[in-house]
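Given next are the chains, with one letter for each unit.
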Amino acid sequence: MKTDQKTITRTIRLPSRIDDILQKDAKEKRTTVNSLISTALTKYAEWDRYAESIGFISLQRNEFKLIIDSLDDEKIKRIAEETGSRIAKELTMFIFKKVTLDTFLSMNSLWFRYSGHGTAEIETDERNYTIVIHHELGRKWSTYVAHFASQALKSTLGIVPKINITEYSVVFEFFVP
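The structure presented is a predicted model; accordingly, all values stated were derived computationally and were not measured.

**Q** Sorry if this is basic, but what is going on with the layout of surface pockets here?
**A** Over the atoms, a rolling probe the size of a water molecule traces out where space has been left empty. Of the volumes computed, that of the largest pocket is approximately 1100 Å³. Mapped onto the lining of the largest pocket, the elements with two or more residues apiece are helix H2 (33-54), helix H3 (61-69), helix H4 (73-84), helix H5 (87-96), helix H6 (101-115), strand E2 (128-134) and helix H7 (139-157).

Next up, the structure:
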């Protein structure tokens, strides 16, 4: 949690078994119960409340990888382009109420931070953008991410990125005039 953010003190009641779990986890993570609760509530506020209402489901990573790996590249590309042209814009509108480059990038940061599908890093010098997605799901997931995000950028913002795909990462580069 950022220290420059305004905070408020709130008193809550917890069942003792939940407090026991929080105390144990905080000790294992070398943090405070307050920090653990704040992190959980931040995730709820930034992601879970939206993900739940629009139908996200949870799968174990290896289960998800088995599903992706069972598809051929053309099927992955077709699914990614179909969903990329629709879902990214819908999710950005749902969370931020408007679609701009900034809200689109913020939505993607949230998605990767909380979904378990990988991590995203965004670098910019105000006009040139590089987005690096790193994951542990293999080449077929890289293919999906590349086609999904490429179609999302194109249909949502009219941006056609340059893409580099590896086994465990996808790099998008584009210029905004």
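**Q** What exactly am I supposed to notice about a nonpolar patch on the surface here?
**A** Judged by side-chain polarity, Ile54, Phe56 and Phe94 come together as a nonpolar surface patch covering roughly 230 Å² of accessible area. With respect to the helices, strands and loops of the structure, Ile54 is situated in helix H2.

**Q** Can you help me understand the packing of H2 against H5 in this one?
**A** The relative placement of two packed helices comes down to the angle between their axes together with the axis-to-axis distance. The N-to-C vectors of H2 and H5 enclose an angle of 130 degrees; their axes lie 11 Å apart at closest approach. With respect to their mutual orientation, H2 and H5 come out oblique. As for the relative orientation of H2 and H5, their crossing is right-handed in sense. Across the interface between the two elements, Trp47, Tyr50, Ser53 and Ile54 of H2 pack against Leu91, Phe94 and Ile95 of H5. When its residues are assigned to classes, the contact of H2 with H5 shows six nonpolar, one polar and no charged.

Conventions and cut-offs
Note on numbering: residues in each chain are counted from 1, in written sequence order. At least 70 in pLDDT is required for a residue's local features to be given in this predicted model, at least 80 for side-chain atom pairs to be given and counted, and no such filter applies to totals for whole chains, interfaces and linings, which use all residues. Only hydrogens and water are removed before side-chain values are computed, so all heavy atoms of the structure are retained for them. Using a 1 Å grid laid over the protein atoms alone, points where a 1.4 Å probe fits but cannot get out form a cavity; open sets with protein on both sides within 12 Å along at least 5 of 7 lines form a pocket; any residue with an atom within 4 Å of a point counts as lining. Grid points are joined across faces, edges and corners, and a volume is the space filled by probe spheres set on the points. For the purposes of this entry, the term helix denotes a DSSP run of H or I that reaches at least four residues, the term strand denotes a run of E that reaches at least two, and both are numbered from the N terminus. To count toward a patch, a residue needs a relative accessible area above 30% and no salt bridge. Like charges then connect within 9 Å, nonpolar side chains (Val, Leu, Ile, Met, Phe, Trp, Tyr) within 5 Å. Each accessible area is a Shrake-Rupley estimate made with a 1.4 Å probe; only the visible protein chains count as cover when residues are assessed. Should a side-chain nitrogen of Lys or Arg be within 4 Å of a carboxyl oxygen of Asp or Glu, the pair is scored as a salt bridge. Every axis corresponds to a line fitted to the C-alpha atoms, with the helix fit spanning only the stretch in contact, and the corresponding angles, defined between N-to-C directions, vary from 0 to 180 degrees. Angles below 35 degrees are treated as roughly parallel, those above 145 as roughly antiparallel, those between 65 and 115 as roughly perpendicular, and all remaining angles as oblique. In this scheme, a crossing is called left-handed if the near helix is turned counterclockwise away from the far one by less than a right angle; it is called right-handed if the turn is clockwise. The contact criterion used is simple: two residues touch if any of their non-hydrogen atoms lie within 4.5 Å. Three classes are used: nonpolar for Ala, Val, Leu, Ile, Met, Phe, Trp, Tyr, Cys and Pro, charged for Asp, Glu, Lys and Arg, and polar for all others, with Gly counted as polar.

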